[in-house]
Amino acid sequence: MAAAATAAAEWQDAERKVLVARKPGFGLPTACPTCLPVLLYLRMSQVPFGIHVDTSFPDADHIPSVEFGDCVAFHNEKGGVIEYLKDENILDLTSKHPSVSYPDVLSTKAMVTTWLADALQYELWVVTDGSIAQDIYFRELSWPIGKILHWKKIRDVKQQLGITKINAAEKEEEIYRKASDAYDALSTRLGDQVYLFGDSPTDVDALFLGHVLFVLNALPTSSLRSHLQKHDNLINFAEHHKVQLLEVDSSLAGSGSSDPSSSSTPRKRASSGRSYKPKPRAKKERTEEEKKFRRRTKYFLATQLVAVLVFLSIMGGVDSSEVDNEYDVDYED
Amino acid sequence: MAAAAADPDSAADQNPNTPNTGTHVPEPWVESDELAEEEYDEEEEELDGPAAAAVEREKVQSVFRRLSSDPVEIRVHDVIIKGNRKTREELIEAEVAELLRAAVTVQDLLRAATIASARLRGLDVFDAVNITLDAGPPELPGTTNVVVEVVEAANPVSGTAGVYSKPEARSWSLEGSLKLKNLAGYGDLWDASVAYGWDQTSELGIGVRLPRFKSISTPLMARASLLSQDWLKFSSYKERLLGLSFGLVSTMHHDLSYNLMWRTLTDPTHGASKSIRRQLGHNFLSALKYTYKIDRRDSHLRPTQGYAFLSTSQVGGLWDNKGLRFFRQEFDVRCAVPFGFYNAALNVGLGAGVILPLGRGFMNSSSPVTDRFNLGGHSSPVCSLGGISSLLGFRTRGVGPTEPRRLVPSASENDSALPGRDYLGGDLAVSAFADLSFDLPLKLFRDAGIHGHAFLTAGNLAKLSENEYKNFSFAEFQRTFRSSAGVGIILPTKLFRVEVNYCYILKQSEHDCGKTGIQFSFSSPL
């Protein structure tokens, strides 16, 4: 108890809470499907926080993480950030629900975090052509590293889902069937309520909302989306809460490119189109300055090289007299 | 030829069958006696024992006198290369032909032959090198044919294992390597090495070295290596590096290399401080490194006279604008002054270095933690030229800006147990030392090379990146200089160079890991 109180006390005392997440995109404050639920959970809990974007560690297990004071909650510790915050009695949305059935919540959570999460991973890494994953995770890394890490991740996902060349079709069918069943169950559970379990949110709402928003915004032409489209109440659920949580609080987030113009678009194509537009414009502005800087750097380096070569060629005539000492010197390996 | 032999002038011209500069570096004058004798033996008339010996001696002496008094004109007609089955002739010719042909007198030629022999042996692909000066074609007087005979290494594979200290590594390592000589006949040296370091550094690498390539007369090197280093104890991160390094220019004073490295920093303990957490991840470093070095000290291990200067510049970020971009510059100046008594010498050194991130908004960005400067460690500042890092009395990475590590409230039973601090390194580093070395009074120690020294070291680190340069002031930097003093004994053995020092910390800041007491240091004997 004393230990738990300390973490909660740190939370209280911390001036600023920072969520370390991956970069924004597709009209979402963070485009990574693992980080989005944590962000939504914090928004639902109405906790003010800042976002630090991590671009150099796409294969990190510990992201998303929440920093408060000198403490950090990592994704790969104690079941995740949301679980940690619950266990330490810092943020527990479910406890505000005296009437909700704990087994129900747990089983729904299990369904969302296994069947739906697997389907999303499959869709993102195995089915799509890789450009979406590239945008989210590897765009900020140098090309050779990005390529290798991307290939490695695809291989890991296939291994995790148990997909081989022989059973690929069978696995795909199984994954989509489970996802479809999960959507059916969740649609029934939701009905016409505001949240899955009544009028106030639980952590399952955050998890499911993150999943749905990602599928709708980042995977516009996927089979998963077509399964999701069959349930209007799920779509409405996503749209309603997106407006509530992401648009209203976008000023608090501090993230650059969450695009307000893509807020109230029910049509899939329009939103994905609009969420891509700002990028080329920003790129063009930067190119001029970058080009100039690059040119200057190249001139500087070329001058240095020329100076060294000139010096060497002048000194070349004197070298033979210094040869006696040559075999004393180790040529650096 | 007897007549020729009797005539010292033409003897020198037509039969300069002088030194066989074989595997030793000979005294030409000495060996010319022996071989001139052999030559004259074959061609002389048979004389009686003592008389023959006297005539021989007289002839040799006259040749000797002739050679030592005036320059004797000679011209190299042809350079003949023998014994190379695998090695390309162009390689050997490129190394020695020009040198030999440039000689115009016999004395020059002898000198050139010595140098040529040394160069060829320096390629490290021959077991033996013999250069013989033979008579030129009879129709061309005053010429000579130089015969270069090489014995290629019988066994192209050689392996070594040992304990070495490398300048790049922070400490020293146990290394095993396999060398393949002259695979393609270009004098190429291939090597594969495995190294395991004292501080859990491990490295695997393969490399190739070409002594010359077409018109480029300086050695070229390429090396691919996989290195992993563990800094968890000091800075809470582990570094893994996969790199390609190309040595473009490598002469006695200049060294230019291009490095492509994929670095990954991880923290498996999840205990890093915030600054280190921000640095974790994958980095691509594409950097050009230029080193200029002059070392005119009389010894690397115990310099008593001379000076040395080293400047290292590194520019990173040449591949694209997503990789690590920084500029790093380091200077190191040393000077040794001898005193007359007890073989004493005063060594003084000063080093400074700075690293700056490049790119837009570079004032706000942080420098890469792996390339920052760190002070501390037990390595002797006198021996290691290259790198500001020694500050005797302080632990490795025991000085400079620090940050508290992650606090884990539920893990600690004892509330007052602090998580410790990460040592981040500095963007600006200055270090200086003065070391007086002297022989010990006992003859036994003097003979064994054991000597004593008294030293004074000082250094400081400061952070400049992330807008910290605004808070920087020279006065404060000077005021917070750490320093230590002490005495010690150095024992050079075959395997190591052992130093036993008693260090007294004169000044240290809060959070520094300096300890007054006895310390041991081991370094490479080379």
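Each chain has its residues counted from 1, running along the sequence as written. As they are written, the chains are lettered A onward and the ligands numbered 1 onward, keeping that order. Per-residue local features are limited, in this predicted model, to residues with pLDDT of at least 70; the limit for side-chain atom pairs, both in listing and counting, is 80 or more; totals at the level of whole chains, interfaces and linings are taken over all residues. Each side-chain value is worked out from all heavy atoms of the structure, with water and hydrogens disregarded.

Novice: Please set out the overall build of chain B residue by residue, giving values where relevant.
Specialist: Secondary structure elements are taken from DSSP: a helix is a run of H or I of four residues or more, a strand is a run of E of two residues or more, and numbering for both begins at the N terminus. Looking only at helices and strands, one finds ten helices and 21 strands in chain B. Out of the 526 residues belonging to chain B, those deemed buried represent 50%. Any pair of residues with heavy atoms lying within 4.5 Å of one another is described as a contacting pair. By sequence separation, contacts in chain B at least 24 residues apart represent 57% of the contacts at least 6 residues apart. As displayed, chain B has an accessible area near 25,000 Å², and 59% of this comes from carbon and sulfur atoms. Exposure is judged per residue with a 1.4 Å probe applied to protein chains only, and the accessible area is read against the type maximum: over 50% gives exposed, under 20% gives buried, and values in between give partly exposed. Calculation of accessible area relied on Shrake-Rupley with a 1.4 Å probe; when residues are assessed, cover is drawn exclusively from the protein chains displayed.

Novice: Could you give me a rundown of the sheet that holds strand E2 (residues 50-53) of chain A, with the residues and numbers involved?
Specialist: All names here are of chain A. Strands pair, by our definition, only if DSSP identifies at least two bridges between them. Across the sheet, which stays open at both edges, the four strands sit in the order E2-E1-E3-E4 with mixed pairing between neighbours. Looking at the sheet topology across the chains shown, the edges are occupied by E2 and strand E4 (71-73). For this sheet, the mean angle separating the axes of adjacent strands, direction not counted, is 25°. Direction of pairing for strand E3 (residues 65-68) relative to E4: antiparallel, over a ladder of three bridges. Here an angle of 0 to 180 degrees is reported between the N-to-C directions of two axes, which are lines fitted to C-alpha atoms, with helices fitted over the stretch in contact.

Novice: Help me get a handle on the interface of chain B and chain A, residues and values and all.
Specialist: Interfaces are frequently sized by the accessible area removed from exposure as the parts join. On the chain A side, the residues contacting the 47 residues of chain B number 49 residues. Using a 1.4 Å probe, buried area is obtained as the accessible area two parts lose upon being combined, added over both of them. Taken together, the two surfaces of chain B and chain A that pack against each other cover about 4,400 Å², and 62% of this comes from carbon and sulfur. We count a salt bridge whenever a side-chain nitrogen from Lys or Arg sits within 4 Å of a carboxyl oxygen from Asp or Glu. Linking chain B with chain A are three salt bridges, by the criterion used here. Residues Glu77(A) and Arg406(B) are paired through a salt bridge, measuring 2.8 Å at the closest nitrogen-oxygen approach. What qualifies as a polar contact is a pair of N or O atoms within 3.5 Å, subject to a donor-acceptor requirement within protein and to the restriction that residues adjacent in sequence count only when both atoms come from side chains. Inspection of the region where chain B meets chain A yields ten residue pairs in polar contact (both at pLDDT 80 or more). Amino acids outside the nonpolar list (Ala, Val, Leu, Ile, Met, Phe, Trp, Tyr, Cys, Pro) and the charged list (Asp, Glu, Lys, Arg) are all regarded as polar, and Gly is one of them. Residues belonging to the side of chain B that touches chain A are distributed by class as follows: 20 nonpolar, 13 polar and 14 charged.

Novice: So what's going on with the packing of aromatic side chains? Which residues, and what values?
Specialist: Paired rings are identified among Phe, Tyr and Trp, the last through its six-membered ring, by centres lying within 6.5 Å, and are further divided according to the angle between planes into stacked (under 30 degrees), edge-to-face (over 60) and tilted (the rest). Applying the stated criterion across every chain, the model contains 14 aromatic pairs over all chains. Each ring, one from Tyr122(A) and one from Tyr176(A), has its centre 6.0 Å from the other, and the planes form 80°; the classification is edge-to-face. A residue pair is termed long-range when its members are at least 10 positions apart, and Tyr122(A) in helix H4 (residues 102-127) and Tyr176(A) in helix H7 (residues 168-190) qualify at 54 residues. For Tyr122(A), a relative accessible area of 4% translates into the label buried. A relative accessible area of 9% places Tyr176(A) in the buried class. Seen in terms of ring centroids, Phe477(B) and Phe481(B) are 5.7 Å apart; in terms of plane orientation they differ by 80°. Their pairing is edge-to-face. Classification of Phe477(B) as buried rests on a relative accessible area of 8%. The structure contains a cluster of three or more aromatic residues connected by ring pairs, namely Phe472(B), Phe474(B), Phe477(B) and Phe481(B). Geometrically, a charge over a ring is one whose NZ (Lys) or CZ (Arg) sits within 6 Å of the ring centre while staying within 35 degrees of the ring normal. The ring of Phe373(B) has Arg328(B) lying over it, and the distance from NZ or CZ to the ring centre is 4.1 Å. Over the aromatic face of Trp231(B) sits the side chain of Arg397(B), whose NZ or CZ is 3.8 Å from the ring centroid.

Novice: Hey, could you go over the UniProt feature "domain: Metaxin glutathione S-transferase" (unreviewed entry) in chain A for me, with residue numbers and the actual values?
Specialist: UniProt positions are given in the numbering used here, feature names are shortened, and annotations may be inferred rather than shown by experiment. UniProt's entry tags residues 179-240 of chain A with the feature "domain: Metaxin glutathione S-transferase" (unreviewed entry), counted in the numbering of this structure. Taken end to end, residues 179-240 of chain A comprises 71% helix and 0% strand; its first and last C-alpha atoms sit 22 Å apart.

Novice: Please set out a nonpolar patch on the surface residue by residue, giving values where relevant.
Specialist: All names here are of chain B. A patch is a set of surface residues, each over 30% in relative accessible area and not in a salt bridge, joined within 9 Å for like charges and within 5 Å for the nonpolar side chains Val, Leu, Ile, Met, Phe, Trp and Tyr. A contiguous nonpolar surface patch, about 810 Å² in accessible area, is contributed by Leu456, Val487, Tyr502, Tyr504, Leu506, Ile518, Phe520 and Phe522. Listed by contribution, the elements that provide at least two residues to the nonpolar patch are strand E20 (497-507) and strand E21 (517-523). Residue position: Leu456 is located in strand E18 (residues 451-462). Taking relative accessible area as the criterion, Leu456 reaches 43% and is therefore assigned partly exposed.

Novice: Which residues make up the sheet that holds strand E3 (residues 143-152) of chain B, and what are the values?
Specialist: All names here are of chain B. Across the sheet, which stays open at both edges, the three strands sit in the order E1-E3-E2 with mixed pairing between neighbours. Among the strands making up the open sheet, the edge pair consists of strand E1 (75-82) and strand E2 (126-135). Strand after strand, the sheet turns through a mean of 20° between neighbouring axes, direction not considered. Across nine bridges, the pairing between E2 and E3 is antiparallel.

Novice: So, the side chain of Asn145(B): which residues are in play, and what are the values?
Specialist: Residue and element names in this part refer to chain B. Within the secondary structure layout, Asn145 lies in strand E3. According to the relative accessible area criterion, Asn145 is buried, its value standing at 14%. Of the polar contacts made by the side chain of Asn145, one reaches the backbone nitrogen of Asp78; its length is 3.3 Å. In contact with Asn145, not counting residues within four places along its chain, are His77, Asp78, Ile80, Thr132, Leu133, Asp134, Ala135, Gly136 and Pro137.

Novice: Break down the pattern of salt bridges for me, with residues and values.
Specialist: Tallied over the entire structure, the rule returns 30 salt bridges over all chains. A salt bridge links Glu83(A) to Lys109(A), with the shortest nitrogen-to-oxygen separation between them at 2.7 Å. Placement of Glu83(A) in helix H3 (residues 81-87) and of Lys109(A) in helix H4 is noted, with a sequence separation of 26 residues between them. On the basis of relative accessible area, Glu83(A) is assigned to the partly exposed category, the value being 23%. Between Arg405(B) and Asp422(B) there is a salt bridge; the shortest N-O distance is 2.5 Å. Within this pair, whereas Arg405(B) is found in the loop between strand E15 (402-404) and strand E16 (421-423), its partner Asp422(B) is found in strand E16, the two being separated by 17 residues in sequence. By the burial criterion, Arg405(B) is buried, and Asp422(B) matches it. Put simply, Glu83(A), Lys86(A), Lys109(A) and Asp203(A) are held in one network by salt bridges that share partners.

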